[in-house]
Amino acid sequence: MSTELPYAADAEVSLSYDELEVLRLQYEREQLQSHVTVQTKFNYAWGLVKSPLREHQVEGVRLLQDLYRSEPTRRRECLYYLALGHYKMGNFEEAKQFNGLLMEKEPTNLQALSLGQLIEKGVTKEGYIGMALVGGAAALGTLVLAGLIRRATRK
């Protein structure tokens, strides 16, 4: 029996420009009428979070946070996309927090389990990059110090 989970495809698949534009126009149309429905706001936030552009992801997360606070019936859906949005922006601690809240409510949610694996890979990769930067800085410091000592002993 395979232990692989279905891939959290939302982490990599974006909407086309035209698809996102349809959601944006609907959202703006309802804003002009001073009444944005919960579904329209969620759909637009969902599309923004899936975007490869960071500014879209930031706006999508902001809209999802508004929905999470104001619409208790939509919290479960918001948790997954908040976790996804933070993951895509590289905010792994926030992503883990939101995904953890969803996992508390739905411990067998395969999409959330898969996203959790992606988040952990991101945390690990970020840790390796951090270690490489620290190692590089230490090596550079050692070279500079060795150069200074060599210069001082020549005089």
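Further up the page is the structure itself.
For every chain, the first residue of the written sequence is number 1, and numbering continues from 1 along that sequence. Predicted model: local features are reported for residues with pLDDT of at least 70 only, side-chain atom pairs are reported and counted for 80 or more only, and whole-chain, interface and lining totals are derived from all residues. Neither water nor hydrogens contribute to the side-chain values; these are computed over all heavy atoms in the structure.

## Remarks on the side chain of Lys41
Segments assigned H or I by DSSP are reported as helices when at least four residues long, segments assigned E as strands when at least two residues long, and all are numbered from the N terminus. In this structure, Lys41 sits in helix H2 (residues 38-50). Here, two residues are considered to be in contact whenever any of their heavy atoms come within 4.5 Å of each other. Other than its neighbours up to four places away in sequence, Lys41 contacts Tyr27, Val36, Leu63, Asp66 and Leu67.

## Focus on the environment of Tyr68
As for its position among the elements, Tyr68 is in helix H3 (residues 54-70). For the exposure calls, accessible area comes from a 1.4 Å probe over protein chains only, and a residue counts as buried if that area is under 20% of its type's maximum, exposed if over 50%, partly exposed in between. Here Tyr68 falls in the partly exposed class, since its relative accessible area comes to 21%. Between the C-alpha atoms of Tyr68 and Leu82, which are 14 residues apart in sequence, the distance is 9.2 Å. Once you skip the residues sitting within four places of it in the chain, Tyr68 turns out to touch Arg75, Cys78, Leu79, Leu82 and Leu101.

## A look at the packing of aromatic side chains
Pairing of aromatic side chains requires ring centres within 6.5 Å, counting the rings of Phe and Tyr and the six-membered ring of Trp. Pairs whose planes differ by under 30 degrees are stacked, by over 60 edge-to-face, and all others tilted. Under the defined criterion, the tally for this structure stands at 4 aromatic pairs. Between Tyr27 and Tyr44 the ring centres are 4.9 Å apart and the planes differ by 25°, which places this aromatic pair in the stacked class. Of this pair, Tyr27 sits in helix H1 (residues 17-32) while Tyr44 sits in helix H2, and the two are 17 residues apart along the sequence. Comparing Tyr27 with Tyr44 shows no difference in burial state: the two are buried. Judged by centre distance (6.0 Å) and plane angle (55°), the rings of Tyr87 and Phe92 are tilted. Each of the two residues, Tyr87 as well as Phe92, counts as buried. Chaining the aromatic ring pairs together yields one cluster made of Phe42, Tyr80 and Tyr81.

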